[in-house]
Amino acid sequence: MKNSIFLEKLRYAHYPPTKYPRFEFDEDKCKHCKACFLACPTTCIQWNEKKKIPYPTGLEKMELACLSCNNCEAVCPTGAIRARGEYRVLKGRYRTTDDRSKEMYFPTPFGKKDLERSFTEIEKELTEVERVIYRRRSIRIFQDKPVPRELVERIIEAAQWAPSAGNCQPWKFVVIVDKKKIEELDRKCAKVLYGIAGLYQGSSWWRSILVPLVSYLMVNKMDQRPIAAIEKVKRSDGIICFGAPVVIHVLMDVRGIGDPILDTALACQNLVLAAHSLGLGTLYIGLIKNGLKYLPKRVSKELGITYPYAIVTSICIGYAKGKLDNPVARNKCPVEWIS
Ligand SMILES: Cc1cc2nc3c(=O)[nH]c(=O)nc-3n(C[C@H](O)[C@H](O)[C@H](O)COP(=O)(O)O)c2cc1C
C-alpha cells in the first residue's frame with residue numbers, strides 16, 4: 001500500500017492525463033469587447049484579431065490551457081461564450097478528488113429547487129454577505145483609476161476583524177500604490193517564473209523524469225496550471241498584477257501560535273469580501289510570492305518582508321472595467337455528515 005502511494009505521487013506528474021471543459025461560442029451575440037480574452041488567467045482564450053472573436057487554445061500537451069474558472073463566461077456581457085464541463089486530472093500525483101461531483105452547477109443555497117431558478121431569482125432571498133460571496137470573481141480587467149486611500153484603509157480594517165488562533169492577529173499589510181513599482185516587481189518575478197516554466201515546458205525526455213522528482217520534493221508546486229498562467233504573463237510583457245492600481249502584499253508574523261497562515265488567509269478573505277461589497281474588484285496573486293522566493297533577499301527587504309514577517313499572498317485591488325462580478329458554476333464538494 002505504502003509503495004503504491006509512493007508511486008502514485010511520482011506518476012503522471014508531468015502533463016497528467018486530464019479532462020477539459022468544452023467551450024461554446026455564439027458569434028452573433030459577441031460584442032467583440034475582448035473581456036473573455038483579458039479575464040482569462042491563462043493563455044486558454046486567445047483573440048483572433050482578423051475576425052475580432054475569441055477562440056480557446058491549448059499549451060503543449062494541455063489540450064486546453066484551462067482551469068475551469070469560468071471567468072470568460074462571467075465577464076461576457078452578452079452570454080456569447082460558455083464553458084461547460086470541468087477541469088479534472090484523471091490519474092497520478094495531481095488526480096482530482098474522486099468524490100467531487102463531475103457536474104458543474106450554479107449556486108444552489110436553497111437546495112435542488114435552485115437548479116430550476118436563475119441566480120437573479122435566488123439572489124432576492126440571499127443576505128448581503130451571501131450575495132457578495134456568490135458574485136465575487138477574480139478581477140483581471142481594471143480601470144486606470146486610483147482607489148481612494150480611505151477605501152483601502154477601510155478594507156484593511158475589515159481584515160483585522162478576522163478570527164485568529166489565540167487572537168494573535170499575526171498579519172501585516174504592505175500597500176503599494178506606485179504603478180511603476182508594481183510593474184518593476186512584476187517583471188523581476190516574471191523573469192524567475194520563466195525559468196521554472198522553462199523546466200516544465202519542452203519536449204525533451206528528461207523533463208518527464210525531472211518534473212515528477214521535483215514535484216515530489218516541492219509538494220503541490222509543479223503543476224501545468226501555473227505554467228499556463230506564467231505563459232500568459234510572458235505574453236503580457238511580464239505583467240503579473242494585470243495593471244491593478246493597488247497591490248497589497250499580505251504578510252504573516254511567523255511567531256503566531258497555531259496556524260498563522262490560516263489566520264492570515266482569513267484576514268485576506270475579509271478584506272476581499274469587504275472590497276467587493278464596496279464596489280471594488282480584487283485578485284489574489286500567488287505568482288509574486290513564488291517569484292520572490294528565488295530573488296535576492298534585498299528585494300523582499302525593500303517590501304518590508306523581513307523576520308518575523310513572511311509573505312502569504314498578494315492581492316490586487318482596483319475598479320473593474322465593466323460589470324465583472326457574476327456567479328459561475330462549480331463542482332459540488334464532498335460533504336460527510338456524521339450523526
Ligand atoms: C492563493 C491564490 C493565488 C492565486 N494566484 C493567482 C495568480 O497568480 N494569477 C491569477 O491570475 N489568478 C490567481 N488566483 C486566482 C484564481 O485563479 C481564482 O481564484 C480561481 O480561478 C477561481 O476564480 P474566482 O476567484 O473568480 O472564483 C489565485 C487565487 C488564490 C486563492
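It should be emphasised that the depicted structure is a prediction, and the values quoted were computed from it without experimental measurement.

### Observations regarding the overall build of the protein chain
Each helix and strand counted, the protein chain has 12 helices and 12 strands in total. Its C-alpha atoms give the protein chain principal-axis dimensions of about 60 × 55 × 50 Å. Taking all 339 residues of the protein chain together, the buried fraction comes to 35%. Restricting to contacts in the protein chain with at least 6 residues of sequence separation, those with at least 24 account for 80%.

### Considering the sheet that holds strand β8 (residues 171-176)
On the basis of which strands lie adjacent, the open sheet formed by 4 strands has the order β8-β9-β11-β10 and antiparallel pairing. This sheet does not close on itself; its edge strands, each paired only once, are β8 and β10 (281-285). Averaged over all neighbouring strand pairs, the angle between strand axes comes to 25°, with direction disregarded. The sheet contact formed by strand β9 (residues 246-253) and strand β11 (residues 309-318) spans 8 bridges and is antiparallel. Paired with V250 across the strands is T313, a residue of β11.

### Quick word on the packing of helix α6 (residues 149-160) against helix α10 (residues 260-277)
The description of two helices packed together rests on the angle between their axes and the distance between the axes. Packing of α6 against α10 leaves a shortest axis separation of 7 Å and a crossing angle of 140°. Accordingly, the angle class assigned to the pair α6 and α10 is oblique. Judged by the twist between their axes, the crossing of α6 over α10 is right-handed. Seen from α6, the contacting residues are I155, I156, A158, A159 and Q160; seen from α10, they are A267, C268, N270, L271, A274 and A275.

### Comments concerning the domain arrangement of the protein chain
When its domains are assigned, the protein chain resolves into domain 1 (2-111 + 327-331) and domain 2 (149-318). One C-alpha centre belongs to domain 1, the other to domain 2, and the line joining them spans 22 Å. Each partner contributes to the interface: domain 1 provides 16 residues, whereas domain 2 provides 16 residues. Of the residues that constitute the side of domain 1 that touches domain 2, the class distribution is 10 nonpolar, 3 polar and 3 charged.

### Quick word on the packing of helix α7 (residues 179-200) against helix α9 (residues 224-235)
Two elements in contact, α7 and α9, have axes whose closest approach is 10 Å; the angle formed by their N-to-C orientations is 130°. Here α7 is positioned oblique relative to α9, judged by the angle of their axes. Here the hand of the crossing between α7 and α9 comes out left-handed. Two secondary-structure elements touch here, α7 through A190, L193, Y194, A197 and Y200 and α9 through I227, I230, E231, V233 and K234.

### Details of the nonpolar core
The biggest cluster of nonpolar side chains holds 76 residues, and the ones touching the most others in it are C36 and I317. Counting the residues that make up this core, at least three belong to each of domain 1 (2-111 + 327-331) and domain 2 (149-318). Excluding its chain neighbours within four sequence positions, the residues that come into contact with C36 are I45, P54, C72, V75, C76 and I81.

### A look at unusual backbone geometry
With an omega of 10°, the peptide bond running from Y307 to P308 counts as cis. Looking at where P308 falls in the secondary structure, it is placed in the loop between α12 (297-302) and β11. Positive phi values are uncommon outside glycine, yet H32 reaches one of about 60°. Counting through the fold element by element, H32 comes out in the loop between β2 (22-25) and α2 (35-39). H32 gets classed as exposed once you count the C-beta atoms within 10 Å, which come to 12. Here the phi dihedral of Q169 falls at roughly 45°; this positive angle occurs in a residue that is not glycine.

### Focus on the site of the ligand
If you check the shell around the ligand, you find 13 residues, and the closest are P41, C69, S138, Y284 and G286. The leading source of residues in the shell around the ligand is β10, at 3 residues. Residues that form the shell around the ligand fall into these classes: 8 nonpolar, 4 polar and 1 charged. Split by domain, the shell around the ligand shows at least three residues from each of two domains, domain 1 (2-111 + 327-331) and domain 2 (149-318).

### Digging into α9
For α9, spanning 12 residues, the distance from its first C-alpha to its last is 17 Å, which sits close to the expected 16 Å at 1.5 Å a residue. Across the 12 residues that make up α9, a large majority, 9, are buried. Within the sequence span of α9, burial applies to Q224, P226, I227, A228, A229, I230, E231, K232 and V233. Turning to α9, the residues buried within the fold contact α7 and α11 (287-292).

Cut-offs and rules
- Residues numbered from 1 in each chain as written.
- Predicted model: local features only at pLDDT ≥ 70, side-chain atom pairs only at ≥ 80, totals over all residues.
- Helix = DSSP H or I, 4+ residues; strand = E, 2+ residues; numbered from the N terminus.
- Buried ≥ 20, exposed ≤ 12 C-beta atoms within 10 Å, placed from the backbone.
- Contact = placed C-beta atoms within 7 Å.
- Pairing = 2+ DSSP bridges.
- Axes fitted to C-alpha atoms, helices over the stretch in contact; angles between N-to-C directions.
- Parallel < 35°, antiparallel > 145°, perpendicular 65-115°, else oblique.
- Left-handed = near helix turned anticlockwise from the far one by under 90°.
- Domains from an automatic or database assignment.
- Nonpolar A, V, L, I, M, F, W, Y, C, P; charged D, E, K, R; others polar.
- Core = buried A, V, L, I, M, F, W, Y, C linked by C-beta atoms within 7 Å.
- Near = placed C-beta within 6 Å.
- Expected span 1.5 Å × (residues − 1).

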